[in-house]
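Understanding the architecture of this molecule
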Amino acid sequence: MLLAAVLGGCAGVPWGRGPAPPATPDLIEEHAAAIAAMRHWRLNGRMAVQHDDQGFSAGLEWRERDGAFDLRVAAPLGRGTVAMSGDAAHVTLTTPKGEHFVADSAENLMQAHLGWSLPVGGARYWVKGMPAPDTPPAQEVYDGQGRWTDFAQDGWRISILDYDDDTGLSLPRKLFLSRDDLQVRLVIETWQRN
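Predicted model, so just to flag it, every value in this text is computed and none were measured. (Residues numbered from 1 in each chain as written. Predicted model: local features only at pLDDT ≥ 70, side-chain atom pairs only at ≥ 80, totals over all residues. Heavy atoms only, no water.)

Between its terminal C-alpha atoms helix H2 (residues 25-36) stretches 16 Å, which fits the 16 Å expected from 12 residues at 1.5 Å a residue. Along its buried surface, H2 packs onto strand E7 (138-142), strand E8 (148-153) and strand E10 (171-179). (Helix = DSSP H or I, 4+ residues; strand = E, 2+ residues; numbered from the N terminus. Expected span 1.5 Å × (residues − 1). Contact = heavy atoms within 4.5 Å.)

Next up on the list: empty space enclosed by the protein. All told, the structure shown has 1 cavity of 30 Å³ or more when counted by the stated rule. Estimated volume of the largest cavity: approximately 60 Å³. Elements with a minimum of two residues in the lining of the largest cavity: strand E2 (54-65) and strand E3 (68-74). Its residues assigned to classes, the lining of the largest cavity comprises 9 nonpolar, no polar and no charged. (1 Å grid on protein atoms, 1.4 Å probe; cavity = no way out; pocket = protein on both sides within 12 Å on 5 of 7 lines; lining within 4 Å. Points joined across faces, edges and corners; volume = space filled by probe spheres on them. Nonpolar A, V, L, I, M, F, W, Y, C, P; charged D, E, K, R; others polar.)

Right, let's talk about the sheet that holds strand E1 (residues 40-51) for a bit. Here we have 11 strands laid out as an open sheet, ordered E6-E5-E4-E3-E2-E1-E11-E10-E9-E8-E7, and antiparallel in their pairing. Looking along the sheet, the strands with just one partner apiece sit at the ends: strand E6 (100-103) and E7. Averaged over all pairs of adjacent strands, the angle between their axes in this sheet comes to 15°, without regard to strand direction. In the sheet, strand E9 (residues 156-164) pairs with E10 via 7 bridges, with the strands oriented antiparallel. Following the sheet pairing, Tyr-163 is matched in E10 by Pro-172. Where helix H3 (residues 106-114) meets the sheet, its contacts fall on E3, strand E4 (81-86), strand E5 (91-94) and E6, and the angle it forms with E5 comes to roughly 25°. (Pairing = 2+ DSSP bridges. Axes fitted to C-alpha atoms, helices over the stretch in contact; angles between N-to-C directions.)

What follows deals with the nonpolar core. Met-47, Trp-62 and Met-84 are the most contacted members of the largest nonpolar core, which totals 42 residues. When near neighbours in sequence (up to four residues on either side) are disregarded, Met-84 contacts Phe-69, Asp-70, Leu-71, Val-91, Thr-92, Leu-93, Ala-106, Met-110 and Val-120. (Core = buried A, V, L, I, M, F, W, Y, C linked by side-chain atoms within 4.5 Å. Buried < 20%, exposed > 50% of the residue type's maximum accessible area, 1.4 Å probe, protein only.)

The subject of this paragraph is the packing of aromatic side chains. For the coordinates displayed, the defined rule picks out 6 aromatic pairs. For the ring pair Phe-56 and Trp-116, a centre distance of 5.9 Å and an interplane angle of 45° mean the geometry is tilted. Here the residue Phe-56 occupies a position in strand E2, and Trp-116 occupies one in the loop between H3 and helix H4 (120-126), the gap between them amounting to 60 residues. Taking the relative accessible area as the measure of exposure, Phe-56 reaches 25% and is therefore partly exposed. (Phe/Tyr/Trp six-rings, centres within 6.5 Å; stacked < 30°, edge-to-face > 60°.)

On to the pairing of E5. Where E4 and E5 come together, 4 bridges link them in antiparallel fashion. Paired with Gly-86 across the two strands is Val-91, which belongs to E5. For E5 and E6, the ladder comprises 4 bridges, and the chain directions are antiparallel. From the neighbouring strand, Leu-93 faces E6, where its bridge partner is Phe-101.

Moving on, we get to the confidence of the model for the protein chain. Across the protein chain, the average pLDDT comes to 87, with 88% of residues at 70 or higher. Overall, residues 1-7 carries pLDDT values under 50, and its contacts beyond four positions in sequence, including any with other chains, amount to 14 contacts. (pLDDT = per-residue confidence, 0-100.)

What follows deals with unusual backbone geometry. Even without being a glycine, Asp-52 presents a positive backbone phi close to 55°. With respect to the element layout, Asp-52 can be found in the loop between E1 and E2. Residue class for Asp-52 comes out partly exposed when judged on its relative accessible area of 46%. Of note, Gln-139 is a non-glycine position whose phi angle comes to about 50°, a positive value. Note that Gln-139 resides in strand E7.

For the largest pocket, the calculated volume is near 290 Å³. Forming the walls of the largest pocket are 16 residues, and the residues nearest its centre are Phe-56, Val-73, Ala-75, Val-82 and Leu-114. Those elements that place two or more of their residues in the lining of the largest pocket are E2, E3, E4 and H3. The element best represented in the lining of the largest pocket is E2, accounting for 3 residues. Classifying every residue of the lining of the largest pocket gives 13 nonpolar, 2 polar and 1 charged. In this structure, the second largest pocket occupies an estimated 170 Å³ of space. Residue lining of the second largest pocket: Ala-36, Met-38, Arg-39, Trp-41, Glu-64, Asp-66, Gly-67, Arg-124, Tyr-125 and Lys-128, and that is the complete set.

If you want it as structure tokens, here you go:
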């Protein structure tokens, strides 16, 4: 029921959430530069995933350091933790049973062993509240502070529903990612910048 409630609140998220004061190009550029410079970070939070007619919720821990990542998804009720780590060339996935799988892509490993996948290469930027630099985004919407609130990229729609300013840098607190029959809701409880 928790998953249904979390995802239900996002089902009809419209593009742009009403009128906001226009962001100036200077504010947009300033915010983008500050976020892009953040190369070492860690977030902790929760995620809810809805794929086809199935869904689950889990704890989430994600660390990034110069393009290398360590991602842990901890299912509730003692169902175990899926751990994934790697970089652009090499990724390892460890199941709750301790099995190890290796591939050149996080997406391939996730799809093969979890039944769904998130583009880690793009999502490492999306969770920080910005599009990935390698593909031009579409349908960009900004708030009055120059922060992205909605955009589309690589077939995904990314909606940033709330920001956290407690770290001295505006970083997302709530995000909704959707593509075809996959919806992912992220609630980030803590950010750490190194």
